[in-house]
Amino acid sequence: MKKLSALALLACCFAFNPAFAANTQQSKMATCNKDAAGKTGDDRKAFMKDCLSTKPAAAAPMTQQEKMKSCNVDASGKKGDDRKAFMKQCLSKPKG
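The notes below deal with the structure included here. (Residues numbered from 1 in each chain as written. Predicted model: local features only at pLDDT ≥ 70, side-chain atom pairs only at ≥ 80, totals over all residues. Heavy atoms only, no water.)

## Notes on the overall build of the chain
Short version of the rule: Strands here mean DSSP runs of E at least two residues long; helices mean DSSP runs of H or I at least four residues long; both are numbered from the N terminus. Exposure is judged per residue with a 1.4 Å probe applied to protein chains only, and the accessible area is read against the type maximum: over 50% gives exposed, under 20% gives buried, and values in between give partly exposed. In what follows, residue pairs with any heavy atoms lying within 4.5 Å of each other are defined as contacts. Using a 1.4 Å probe, accessible areas were evaluated by the Shrake-Rupley method; residue-level cover was limited to the displayed protein chains.
Counting its secondary structure elements, the chain contains five helices and zero strands. When the helices and strands of the chain are placed in sequence order, the string is α-α-α-α-α. The buried share of the chain, reckoned over its 96 residues, is 10%. Contacts in the chain between residues at least 24 apart in sequence constitute 32% of all its contacts with a sequence separation of at least 6. If you sum the accessible surface of the chain, you get close to 8000 Å²; carbon and sulfur atoms cover 63% of it.

Below is the structure:
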C-alpha cells in the first residue's frame, strides 16, 4: 500500500510540475515550427499564432461500459420506473 501511495504521489508531482508543462509547450513549438517550413513573413506569423493557440484534440468519447458506470452512479437512490426512465435517458445522450 505504501508503494502504491508513493507512486501516486510521484505521478502527481510530474503531472502538476511546471517543467512538464514547459516541455509540452516546447514540443508544440517544435511541431508548429516544423509545419511552418516554407512560410515567411505575415503568413508564417499567422500560421504560428493559430498553431500554437489550438487546443489538444478532445478526449475519446466514453465507451458504453463507461457510460453505464457513470449513469449507475448518477442513478443511485432511484428505484423502479423512475430509475429505468433515468437510465434510458442517461445512456441515450452522448457523453464525452
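So that's the structure; there's more coming.
## Considering the state of the cysteines
Our working rule: Cysteine sulfur atoms are paired as a disulfide whenever they come within 2.5 Å of each other.
For the coordinates displayed, the defined rule picks out two disulfides. Disulfide pairing is shown between cysteine 32 and cysteine 51; the S-S distance is 1.9 Å. Disulfide cysteine 32 to cysteine 51: torsion about the S-S bond roughly -85 degrees, handedness left-handed. A residue pair is termed long-range when its members are at least 10 positions apart, and cysteine 32 in helix α2 (residues 18-35) and cysteine 51 in helix α3 (residues 41-53) qualify at 19 residues. With a sulfur-sulfur separation of 1.9 Å, cysteine 71 is cross-linked through a disulfide to cysteine 90. Residues cysteine 71 and cysteine 90 are joined through a disulfide that is left-handed, its torsion about the S-S bond being -85 degrees. With cysteine 71 in helix α4 (residues 64-74) and cysteine 90 in helix α5 (residues 80-92), the pair connects residues that are 19 residues apart, well separated along the chain. Taken as a pair, cysteine 71 and cysteine 90 share a single burial class, namely buried.

## A look at the packing of aromatic side chains
Here a ring pair, both rings aromatic, is described through the centre-centre distance and the interplanar angle of the planes. For the record, the criterion: Paired rings are identified among Phe, Tyr and Trp, the last through its six-membered ring, by centres lying within 6.5 Å, and are further divided according to the angle between planes into stacked (under 30 degrees), edge-to-face (over 60) and tilted (the rest). Whether a charge lies above a ring is judged from NZ of Lys or CZ of Arg, which has to be within 6 Å of the ring centre and within 35 degrees of the ring normal.
Tallied over the full model, the rule gives zero aromatic pairs. Of note, lysine 39 hangs over the ring of phenylalanine 47, and the distance from its end group to the ring centre comes to 5.2 Å. Across from the ring centre of phenylalanine 86, 5.0 Å away, lies the NZ or CZ of lysine 78, which sits over that ring.

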